[in-house]
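Residues per chain, in single letters:
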Amino acid sequence: RSTLFPYTTLFRSGLDNALAITAGGYSTMALTQAPDQAISAQGGQTLTSTEAAAVNSTVATFTDPDPAAQAAEYTASIDWGDGTPATTGTISGPTGGPFTVTGEHTYGDEGSYTIKVTITDTDTTANSATVNDTATIGDASLSASGISPTPVSGQSFSGPVADLTDANADTSSPADFTATID
């Protein structure tokens with residue numbers, strides 16, 4: 001090492017992005033900024049609802065090792081698993097975390113869906129975490145009411161005998177149903 005050029009070894013050791021360097025006597029010190037530590041996310045939520053009814057729920061929680069982290073430093077994308085476009089989750093929590101991601105979605109049909117939540121640090125987009133949840137969506141309720149027919153004795157009857165209403169009027173059609181008349 002050269003005492004005339006103490007920084008030569010320093011720069012060769014990969015500290016050329018040092019924030020501050022001080023030297024004196026036989027020592028040199030460099031102040032560097034550590035890279036963002038990875039965020040840690042948890043999912044595994046099971047959401048239950050009924051088709052055509054909005055689900056509004058927590059879909060993930062996460063922490064960042066930075067005690068000064070703020071909710072506004074992150075974004076969350078929620079893929080609801082039903083082929084609709086992903087939506088933006090709402091992130092909340094105190095300075096330093098833990099943080100919560102919530103979202104709202106309406107499923108058009110009953111079934112089981114895998115929800116994928118991706119949380120990204122806006123300062124360092126490579127610092128992200130993805131978790132999965134499950135949505136179990138039940139069939140919307142049906143209601144029926146009878147209609148009193150007025151048949152004529154000795155003649156065959158053809159006409160309405162009941163009204164059927166599906167609470168999921170958005171995606172149901174008459175072809176979805178069968179009826180048995182006794």
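In what follows, the accompanying structure is described. Predicted model only: the values in this text are computed from it and were never measured.

**A few points about the sheet that holds strand S11 (residues 128–138)**
The 5 strands are arranged S4-S11-S10-S6-S7 in an open sheet whose pairing can be described as mixed. Two strands close off the open sheet at either side, each with one partner strand: strand S4 (46–50) and strand S7 (87–88). Relative to S11, S4 is paired through 5 bridges, and the arrangement is parallel. Residue threonine 50 lies in a different strand from S11, and its bridge partner there is glycine 138.

**Topic: the side chain of aspartate 133**
By the secondary structure assignment, aspartate 133 is in strand S11. With no salt bridge to any partner, buried aspartate 133 finds its closest opposite charge in lysine 116, at an N-O distance of 13 Å. One polar contact links the side chain of aspartate 133 to the main-chain amide nitrogen of glycine 44, over a distance of 2.9 Å. Here the side chain of aspartate 133 touches glutamine 45 through a polar contact of 2.8 Å, landing on its backbone nitrogen. For aspartate 133, the residues in contact, after removing those within four places along its chain, are Gly43, Gly44, Gln45, Val59, Ala60, Tyr113, Thr114, Ile115 and Val117.

**Topic: a nonpolar patch on the surface**
Together, Phe157, Val161 and Ile181 make up a nonpolar patch on the protein surface, roughly 280 Å² of accessible area in all. When you line up the elements, phenylalanine 157 lands in the loop between strand S12 (142–146) and strand S13 (162–166). Look at phenylalanine 157 and you get partly exposed, because its relative accessible area is 40%.

**Quick look at the sheet that holds strand S8 (residues 90–92)**
Read across the open sheet, the 4 strands follow the order S3-S5-S9-S8; overall the sheet is antiparallel. Where the open sheet ends on each side, the last strands, each with one partner, are strand S3 (40–42) and S8. Sheet twist, expressed as the average angle between the axes of neighbouring strands with direction ignored, equals 25°. Looking at chain direction, S3 and strand S5 (residues 54–63) are connected through 3 bridges and run antiparallel. Across the sheet, serine 40 pairs through a bridge with threonine 63, a residue of S5.

**A closer look at the environment of proline 94**
Tracing the sequence through the fold places proline 94 in the loop between S8 and strand S9 (99–106). Apart from residues no more than four positions distant in its own chain, proline 94 is found in contact with Ala69 and Phe99.

The rules behind these values
- Residues numbered from 1 in each chain as written.
- Predicted model: local features only at pLDDT ≥ 70, side-chain atom pairs only at ≥ 80, totals over all residues.
- Heavy atoms only, no water.
- Pairing = 2+ DSSP bridges.
- Helix = DSSP H or I, 4+ residues; strand = E, 2+ residues; numbered from the N terminus.
- Buried < 20%, exposed > 50% of the residue type's maximum accessible area, 1.4 Å probe, protein only.
- Lys, Arg positive; Asp, Glu negative; His and termini not counted.
- Salt bridge = Lys/Arg side-chain N within 4 Å of Asp/Glu carboxyl O.
- Polar contact = N/O pair within 3.5 Å; in protein donor to acceptor, adjacent residues only side chain to side chain.
- Contact = heavy atoms within 4.5 Å.
- Patch = residues over 30% accessible without salt bridge, like charges linked within 9 Å, V, L, I, M, F, W, Y side chains within 5 Å.
- Areas by Shrake-Rupley, 256 points an atom, 1.4 Å probe, with all protein chains shown as cover.
- Axes fitted to C-alpha atoms, helices over the stretch in contact; angles between N-to-C directions.

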